[in-house]
Amino acid sequence: MKRIVSIDVLRGASLALMIIIHCMIAYGDEKATESTLHFFFDDVIGNLGATWFLLMVGMSQVLSAGRKKDAGEWNLMKTALLRGAYLFAAGLLQSALAFGPSEMWDWDILPLIGSATVALYFCRFLPSWLILVISAALVFMAPWLRSFVDFTVSWGGELVRSTFFSGYLAGIYFEPVSVYKVIWSLDEILKGYFVSGTFPIFPWLAFPLIGFVIGRRIVSGQINHDLPFLHLTGLALILLGTTVSYAGIFRPESSPISDYIAPLCLYPNSITLFYLQTGVGLMLFASLYYYCDGRENAAPISGLLVVWLKRLSRYSLTVYFLHWLLICWPLWIIYFVTGKFLGQDAMGAFPAFLLGLVVVALFLMCLKGWERRGGKYSLEWGLRKITEGIGKPGRTS
């Protein structure tokens with residue numbers, strides 16, 4: 001099956017935006033966090049970009065499996081397990097190299113994708129309606145499970161109201177007072193993986209599962225008929241998330257951690273924010289799919305921006321793995337040379353934004369040269385190497 005342009009465009013855009021956002025978070029000073037520019041990228045786009053990326057994970061898994069449908073179930077399972085372990089390990093290594101060995105178990109997005117890769121293999125045997133039920137269970141169980149743990153112990157001790165919203169809709173958005181700090185005990189590490197880490201299984205695994213169901217509709221050729229439904233469902237979820245989060249303002253005792261009528265919050269991912277994330281993601285994908293892939297007799301989508309986004313998409317794992325190293329290592333080098341750590345205290349919002357654009361441009365230039373050499377030694381190349389030979393027609397072991 002041909003590559004779906006809308007998937008590449010949305011995945012590439014998600015990566016580019018995440019790079020810009022992470023630069024602004026890592027380098028922006030306290031004054032930067034109060035700016036409209038920082039609010040737009042961190043609190044608006046930042047709350048949505050990871051969602052788009054994870055939806056594409058589910059869709060891509062279906063498309064990839066479709067290209068290996070003659071491989072045999074045993075080989076497909078081995079491939080999924082190897083891919084999952086590879087991505088899981090890459091995520092742990094990334095956190096150790098970027099944030100320091102003590103933060104290896106912070107549960108960033110790559111371990112989640114590794115776990116999703118294995119889970120999505122077994123989803124192949126389930127009807128789509130049951131996968132959506134499981135997705136809903138992951139989402140609705142998350143606040144309930146968080147009520148049994150001390151969620152804030154690794155997030156600075158408490159959630160506070162967003163300073164940007166304080167003069168507009170006070171109490172609509174909460175955030176932790178610090179980034180996630182790993183506590184090195186088995187129960188805390190497991191708790192982080194399932195409910196309290198940066199991207200825990202509950203509820204974040206729901207996004208690849210939803211993407212998997214949409215991917216099935218693409219492969220079956222039915223997605224064009226579904227686009228109006230995706231738009232309407234997305235709009236309904238946006239209205240639901242907006243209404244319920246606004247109602248949370250009038251319940252001062254409600255918490256994004258464990259309540260269902262609650263303000264918005266990314267860490268933890270409140271159920272109200274999940275509604276908004278999913279709604280925006282469905283509407284955006286449906287619109288992009290129609291424009292890029294769904295119109296009959298339309299000319300192929302081209303242009304420099306599309307070329308750039310497709311290049312980022314093809315090397316999405318490598319770009320995500322390296323971008324945190326490229327952002328964090330200069331801060332560590334400055335610290336070791338001067339003794340001063342400039343993380344979250346280096347520059348204003350606009351210079352940090354420009355720095356993010358420079359990092360994106362640097363990746364695009366390097367990837368162009370890397371592409372000419374076949375992407376050798378990229379994470380994608382390594383993934384192909386460890387799975388090549390598995391799943392070839394006629395091979396059973």
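See the structure shown above.
Read on for an overview of the structure. As the structure is a prediction and not an experimental result, all values here were calculated from the model.

### Concerning the overall build of the protein chain
Link 1 in the chain: Each helix and strand in the protein chain was counted, giving 14 helices and three strands.
Link 2 in the chain: Taken against the 2.2 N^0.38 rule, which gives 21 Å for 397 residues, the C-alpha radius of gyration of the protein chain at 21 Å falls within 12% of a compact globule.
Link 3 in the chain: Per-residue burial for the protein chain yields a buried fraction of 52% across its 397 residues.
Link 4 in the chain: Within the protein chain, counting contacts between residues at least 6 apart in sequence, those at least 24 apart form 78% of the total.
Link 5 in the chain: For the protein chain, the accessible surface area stands at approximately 18,200 Å², while carbon and sulfur atoms represent 68% of it.
Link 6 in the chain: Between the mean site of the 30 positive side-chain charges and the mean site of the 25 negative ones, the protein chain shows a separation of 15 Å.

### Considering the pairing of strand 2 (residues 173-176)
Link 1 in the chain: Examined bridge by bridge, strand 1 (residues 159-161) and strand 2 share three bridges and lie antiparallel to one another. Directly across from Val 160, in strand 2, lies its bridge partner Glu 175.
Link 2 in the chain: Where strand 2 lies against strand 3 (residues 264-265), two bridges are found, and the strand directions are parallel. Paired with Phe 174 across the strands is Cys 265, a residue of strand 3.

### Some points on a nonpolar patch on the surface
Link 1 in the chain: Residues Phe 140, Met 141, Trp 144, Phe 148, Tyr 260 and Ile 261 make up a contiguous nonpolar surface patch of about 600 Å² in total accessible area.
Link 2 in the chain: Taking the relative accessible area as the measure of exposure, Met 141 reaches 33% and is therefore partly exposed.

### Focus: the packing of aromatic side chains
Each aromatic ring pair is characterised by the separation of its centres together with the angle its planes make.
Link 1 in the chain: Tallied over the entire structure, the rule returns 31 aromatic pairs.
Link 2 in the chain: Centre to centre, the rings of Phe 140 and Tyr 260 are 6.4 Å apart; their planes meet at 15°, and the pair counts as stacked. Of this pair, Phe 140 sits in helix 5 (residues 128-146) while Tyr 260 sits in the loop between helix 9 (223-249) and strand 3; the two residues are 120 residues apart in sequence, bridging distant segments of the chain.
Link 3 in the chain: The exposure class of Phe 140 is partly exposed, given its relative accessible area of 40%.

### Comments concerning the sheet that holds strand 3
Link 1 in the chain: Strands sit in the order 1-2-3 across an open sheet of three strands; the sheet is mixed. Strands at the two margins of the open sheet, each flanked by one partner only, are strand 1 and strand 3.

### A short note on the side chain of Ser 60
Link 1 in the chain: For Ser 60, the location among the structural elements is in helix 2 (residues 36-66).
Link 2 in the chain: Residue classification places Ser 60 among the buried residues on the basis of a relative accessible area of 18%.
Link 3 in the chain: Filtering out sequence-adjacent residues up to four positions away, Ser 60 remains in contact with Ile 7 and Arg 11.

### Structural notes on the side chain of Ser 254
Link 1 in the chain: Looking at the element boundaries, Ser 254 is found in the loop between helix 9 and strand 3.
Link 2 in the chain: Within the local environment of Ser 254, its side chain forms a polar contact with the backbone oxygen of Arg 251, the two atoms lying 2.7 Å apart.
Link 3 in the chain: If sequence neighbours within four positions are ignored, Ser 254 has contacts with Gly 248, Asp 259, Ile 261, Ala 262 and Pro 263.

### Observations regarding the environment of Leu 37
Link 1 in the chain: Position of Leu 37 among the secondary structure elements: in helix 2.
Link 2 in the chain: Exposure remark for Leu 37: the relative accessible area of 26% places this residue in the partly exposed category.
Link 3 in the chain: Taking the C-alpha atoms as reference points, Leu 37 and Ala 349, separated by 312 residues in sequence, lie 6.7 Å from one another.

### Thoughts on the environment of Leu 342
Link 1 in the chain: In this fold, Leu 342 is placed in the loop between helix 12 (316-338) and helix 13 (349-372).
Link 2 in the chain: A sequence separation of 316 residues divides Leu 342 from Ala 26, and the C-alpha atoms of the two residues are 8.6 Å apart.
Link 3 in the chain: In this structure, Leu 342 is in contact with Ala 26, Leu 331 and Ile 334, ignoring residues within four places of it in sequence.

### Section: helix 8 (residues 206-219)
Link 1 in the chain: For helix 8, with 14 residues, the first-to-last C-alpha span of 20 Å sits near the 20 Å given by 1.5 Å per residue.
Link 2 in the chain: Counted residue by residue, helix 8 has eleven buried out of 14 residues, so it is predominantly covered.
Link 3 in the chain: Listed in full, the buried residues belonging to helix 8 are Ala 206, Phe 207, Pro 208, Leu 209, Ile 210, Gly 211, Phe 212, Val 213, Ile 214, Gly 215 and Ile 218.
Link 4 in the chain: Following helix 8 by one or two positions, Gly 221 has its phi on the positive side, about 80°.

Basis of the calculations
- Here the residue numbering is sequential within each chain, running from 1 through the sequence in written order.
- For a predicted model such as this one, the threshold for reporting local features is a pLDDT of at least 70, and the threshold for listing and counting side-chain atom pairs is 80 or more; totals across whole chains, interfaces and linings nevertheless cover every residue.
- Note: side-chain values were computed over all heavy atoms of the structure, leaving out hydrogens and water.
- Per the convention used, a helix needs a DSSP run of H or I reaching at least four residues, while a strand needs a run of E reaching at least two, with both numbered from the N terminus.
- We compute the radius of gyration over the C-alpha atoms and compare it with the globule rule, which gives 2.2 Å times the number of residues raised to the power 0.38.
- Partly exposed describes any residue whose relative accessible area lies between the buried limit of under 20% and the exposed limit of over 50%, with all areas from a 1.4 Å probe on protein chains only and scaled to the type maximum.
- Contacts between residues were defined by any pair of non-hydrogen atoms, one from each residue, lying within 4.5 Å.
- Computed with the Shrake-Rupley method and a 1.4 Å probe, the accessible areas treat only the protein chains shown as cover for residues.
- For the purpose of counting charges, residues Lys and Arg are taken to be positive, whereas Asp and Glu are taken to be negative. His and the chain ends are not included.
- Working definition for charges: the position is that of NZ of Lys, CZ of Arg, CG of Asp or CD of Glu.
- Pairing between strands is defined by DSSP: at least two bridges between the two strands are required.
- A patch consists of residues whose relative accessible area exceeds 30% and which take part in no salt bridge; residues with like charges are grouped when within 9 Å of each other, and nonpolar side chains (Val, Leu, Ile, Met, Phe, Trp, Tyr) when within 5 Å.
- Here a salt bridge means any side-chain nitrogen of Lys or Arg lying within 4 Å of a carboxyl oxygen belonging to Asp or Glu.
- Centre distance within 6.5 Å is the pairing criterion for rings of Phe, Tyr and Trp, where only the six-membered ring of Trp is used; planes under 30 degrees apart are then read as stacked, over 60 as edge-to-face, and the remainder as tilted.
- Polar contact is the term for a pair of N or O atoms within 3.5 Å; when the atoms are in protein, one must be able to donate a hydrogen and the other to accept it, and sequence-neighboring residues count only if both atoms are side-chain atoms.
- Residue count minus one, scaled by 1.5 Å, sets the expected span of a helix.

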